[in-house]
Amino acid sequence: MERFSAEIEGVAHRLREGMAGGVLSFPLTSFRDDGSLDLESYRAYLTAQLFTAPGAVFPACGTGEFSALDEDEYRAVVEATVEVADGRLPVVAGIGYGWAQALRFARIAEEAGADALLVLPHYLVGAPQDGLIEQLRRIAAGTRLPLIAYQRGRVVFTAASVRRIAEIPTVIGLKDGHSDLDRLQRLTLAAPDGFLFFNGAATAEMQARAYATVGVPAYSSAVHAFAPEIADACFTALRRGDDEEVNKLLRDFYVPLVELRDRAPGYAVSLVKAAARLRGLPVGPVRAPLTDPGPADLADLEKLLDDGLNLVGAVRRRAA
């Protein structure tokens, strides 16, 4: 018996293939210095991102500052992503807040041509398992697009809950940001065949080998947003089991990046955006409440970026 409709299964199949062949791209959203959305620059940036052939693209999610976008801006970003992707790879748009507001974004994404939706953790309050499941049910009832649940922050699913959400006809997978491998193993064992899982840790490469041991080799990569050469080199080394190369990249680039990221709240996004600007990519500043890195952190980031590119035989195009 088929779990999904032919349309939903088609999207799941494309995502499954993409996740096996490349990292998942979470692009930055381009803003001007005055904070306004810069759609022309976003298209140029995204075109360069997709040239490196990621497995799928997830616009307007955490790295793309979803929570800083109004509905008109969100529509413009998703429409531009669908246009640039041009059917070459799945487009999975972020939605979030409570279910009622999430549905407003879901309908916009559906109208804009997205293939699927990533349900970002809800805002502020804790919730029991029944509430987390009902949240997904209400969203699923209001959109035809397949959903990927995201457990992070206050959202933590049990194995029993994963079995229940997998029964919702349009819920096709789960992104994990907790990195509790014992719990994650229980979830993967509880889920039906074909249910998608991927590693959504803040710097996913750091834990990619550990995730793979519990059956979750696919991952999103923040590094891909500014240095796809490094992200792709790590992905390739992981897939061919080249531990020496993986260890070199982790030791000399990823560990120092995580240490730099941990210096200030919000650096998981603002540091990524600063690195993209250092490469001359037209992404602009972050929006409040995030702040751009100060001079000392920026200098350390610049050196680390050059070191990382040198590790994989790439060079940095200097920012204008």
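Read on for an overview of the structure. (Residues numbered from 1 in each chain as written. Predicted model: local features only at pLDDT ≥ 70, side-chain atom pairs only at ≥ 80, totals over all residues. Heavy atoms only, no water.)

**Quick word on the sheet that holds strand β6 (residues 171-176)**
1) Next: Taken together, 5 strands build an open sheet; the order of strands is β3-β4-β5-β6-β7 and the sheet is parallel. Whereas interior strands pair on both sides, the edge strands pair on one side only; in this sheet they are β3 (92-95) and β7 (196-199). Looking at each pair of strands side by side, their axes are set apart by 25 degrees on average, direction ignored.
2) Next: Pairing of strand β4 (residues 116-119) with strand β5 (residues 147-151) involves 3 bridges; the strand directions are parallel. Looking at the pairing, L117 lines up with L147 of β5.
3) Next: Most of the contacts of helix α4 (residues 99-112) go to β3, to which it runs at about 160 degrees, and overall it touches β3 and β4.
4) Next: The strands touched by helix α5 (residues 129-141) within the sheet are β3, β4 and β5, with β5 carrying the most contacts at an inclination of about 155 degrees. (Pairing = 2+ DSSP bridges. Helix = DSSP H or I, 4+ residues; strand = E, 2+ residues; numbered from the N terminus. Axes fitted to C-alpha atoms, helices over the stretch in contact; angles between N-to-C directions. Contact = heavy atoms within 4.5 Å.)

**Considering the sheet that holds strand β8 (residues 220-221)**
1) Next: Reading across from one edge, β2-β1-β8 is the order of the 3 strands in this open sheet, with parallel pairing throughout. Strands with a single pairing partner mark the edges of an open sheet, and in this sheet they are β2 (56-57) and β8.
2) Next: Of the strand pairs in this sheet, strand β1 (residues 24-25) and β8 are connected by 2 bridges, and their pairing is parallel. The partner of L24 across the bridge, within β8, is S220.

**Overview of the packing of helix α2 (residues 39-51) against helix α3 (residues 71-85)**
1) Next: Packing of α2 against α3 brings their axes to within 10 Å, and their N-to-C directions diverge by 40 degrees. Viewed along their axes, α2 and α3 adopt a mutual orientation that is oblique. As α2 packs across α3, the resulting crossing turns out to be right-handed. Side by side, α2 and α3 meet where L39, Y42, R43, L46, T47 and L50 of the first sit next to A76, V77, A80, T81, E83, V84 and A85 of the second. (Parallel < 35°, antiparallel > 145°, perpendicular 65-115°, else oblique. Left-handed = near helix turned anticlockwise from the far one by under 90°.)

**Considerations on the pairing of β3**
1) Next: Side chains V92 and G94 project from β3 onto one buried face, and the interleaved A93 and I95 project onto a second face that is buried too.
2) Next: Note that β3 and β4 share 4 bridges and pair parallel. Bridge pairing in β4 places G94 opposite L118.
3) Next: Handedness of the crossover joining β3 and β4 through α4: right-handed. (Buried < 20%, exposed > 50% of the residue type's maximum accessible area, 1.4 Å probe, protein only. Right-handed = clockwise from strand over helix to strand, strands pointing away.)

**Here's the deal with a nonpolar patch on the surface**
1) Next: Taken together, the side chains of Y123, L124 and V125 define a hydrophobic patch exposed on the protein surface, amounting to about 350 Å² of accessible area.
2) Next: Checked against the element boundaries, V125 lands in the loop between β4 and α5.
3) Next: The class for V125 is partly exposed, based on a relative accessible area of 49%. (Patch = residues over 30% accessible without salt bridge, like charges linked within 9 Å, V, L, I, M, F, W, Y side chains within 5 Å. Areas by Shrake-Rupley, 256 points an atom, 1.4 Å probe, with all protein chains shown as cover. Salt bridge = Lys/Arg side-chain N within 4 Å of Asp/Glu carboxyl O.)

**Here we look at the packing of helix α10 (residues 243-261) against helix α11 (residues 267-278)**
1) Next: It is the contact of α10 with α11, at a shortest axis distance of 9 Å, that shows an interaxial angle of 120 degrees. The way α10 lies across α11 gives a crossing that is right-handed. Residue-level contacts link L257, L260 and R261 of α10 to Y267, A268 and L271 of α11.
2) Next: Grouping the constituent residues of the contact of α10 with α11 by class yields 5 nonpolar, no polar and 1 charged. (Nonpolar A, V, L, I, M, F, W, Y, C, P; charged D, E, K, R; others polar.)

**Considering the nonpolar core**
1) Next: F58 and Y74 are the most contacted members of the largest nonpolar core, which has 75 residues in total.
2) Next: Excluding residues within four positions of it along the chain, Y74 makes contact with A60, F66, L69, A93, G94, I95, F105, I108 and A109.
3) Next: Counting residues in each nonpolar core, the second largest holds 38 residues, with V23, A225, L260 and L281 among its members. (Core = buried A, V, L, I, M, F, W, Y, C linked by side-chain atoms within 4.5 Å.)

**Focus: the pattern of salt bridges**
1) Next: This structure, assessed with the given rule, holds 23 salt bridges.
2) Next: A salt bridge links E9 to R16, with the shortest nitrogen-to-oxygen separation between them at 3.5 Å.
3) Next: Owing to a relative accessible area of 30%, R16 belongs among the partly exposed residues under this scheme.
4) Next: One continuous salt-bridge network, built from bridges that share partners, spans E7, E110 and R144.

**Observations regarding the pairing of β5**
1) Next: A large share of β5 lies buried, amounting to 5 of its 5 residues.
2) Next: Of the two faces of β5, the one carrying L147, A149 and Q151 and the one carrying I148 and Y150 are both buried.
3) Next: Where the polypeptide runs from β4 across α5 and back to β5, its parallel neighbour, the crossover connection is right-handed.
4) Next: For β5 and β6, the ladder comprises 5 bridges, and the chain directions are parallel.

**Looking at α2**
Note on helix geometry: an α-helix contains 3.6 residues per turn, so any two residues three or four positions apart are oriented the same way.
1) Next: Along its 13 residues, α2 runs 18 Å from first to last C-alpha, staying within 8% of the 18 Å computed at 1.5 Å per residue.
2) Next: Taken as a whole, α2 has its buried residues at S41, Y42, Y45, L46, Q49 and L50. All buried residues of α2 lie within an arc of 160 degrees about the axis, which places them on one face of the element. Exposed side of α2, more than 90 degrees from the buried face: E40 and F51 are the residues found there.
3) Next: Just beyond α2, the residue with positive phi is A53, at close to 60 degrees. (Expected span 1.5 Å × (residues − 1). Arc of directions from axis to C-beta.)

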